[in-house]
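# Structural overview
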Amino acid sequence: MKNILTEREQNVLFYVSQGLINSEIAEKLHISVHTVKAHLESIYYKFKVANRVQAAMKAIALGIIDLKAIA
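What comes next is a walk through the structure. Note that this is a predicted model, so its numbers are computed, not measured.

By the secondary structure assignment, His-39 is in helix H3 (residues 33-47). Judged by relative accessible area, which is 17%, His-39 ranks as buried.

Right, let's talk about the packing of helix H1 (residues 7-17) against helix H4 (residues 52-61) for a bit. In contact at an axis separation of 9 Å, H1 and H4 are set at 105° when each is read in the N-to-C sense. Relative to H4, H1 is oriented roughly perpendicular. Only Arg-52, Ala-55, Ala-56 and Ala-59 of H4 make contact with H1, whose side of the interface consists of Leu-13, Val-16 and Ser-17. By residue class, the composition of the contact of H1 with H4 is five nonpolar, one polar and one charged.

Bringing the nonpolar core into the picture now. The tendency in soluble globular proteins is for nonpolar side chains to be buried side by side. Formed by 21 residues in total, the largest nonpolar core has its most connected members in Val-12, Leu-13, Ile-25, Ile-43 and Phe-47. When contributions to this core are tallied by element, the ones reaching two or more residues are H1, helix H2 (22-29), H3 and H4. By residue number, the principal contributor to this core is H3, which donates five residues. If we skip the residues at most four places from it in the chain, Leu-13 touches Leu-5, Ile-43, Phe-47, Ala-55, Ala-56, Ala-59 and Ile-65.

What counts and what doesn't
- Residues numbered from 1 in each chain as written.
- Predicted model: local features only at pLDDT ≥ 70, side-chain atom pairs only at ≥ 80, totals over all residues.
- Heavy atoms only, no water.
- Helix = DSSP H or I, 4+ residues; strand = E, 2+ residues; numbered from the N terminus.
- Buried < 20%, exposed > 50% of the residue type's maximum accessible area, 1.4 Å probe, protein only.
- Axes fitted to C-alpha atoms, helices over the stretch in contact; angles between N-to-C directions.
- Parallel < 35°, antiparallel > 145°, perpendicular 65-115°, else oblique.
- Contact = heavy atoms within 4.5 Å.
- Nonpolar A, V, L, I, M, F, W, Y, C, P; charged D, E, K, R; others polar.
- Core = buried A, V, L, I, M, F, W, Y, C linked by side-chain atoms within 4.5 Å.

Have a look at this one:
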């Protein structure tokens, strides 16, 4: 399942799981807020989820996000 996400989508998900808001993610990744939103929409579609919390939880459950790396 990890392979269905682009590297950038994985980066966005990592920051989402840390609780960052879109503008903070955009700053960290040097992209626009609009681009962050586009990546999130793509993630939601691929994961068949409705929001960022569900996306982060699914990523953790699938082993895409390591909770140890967040702490």
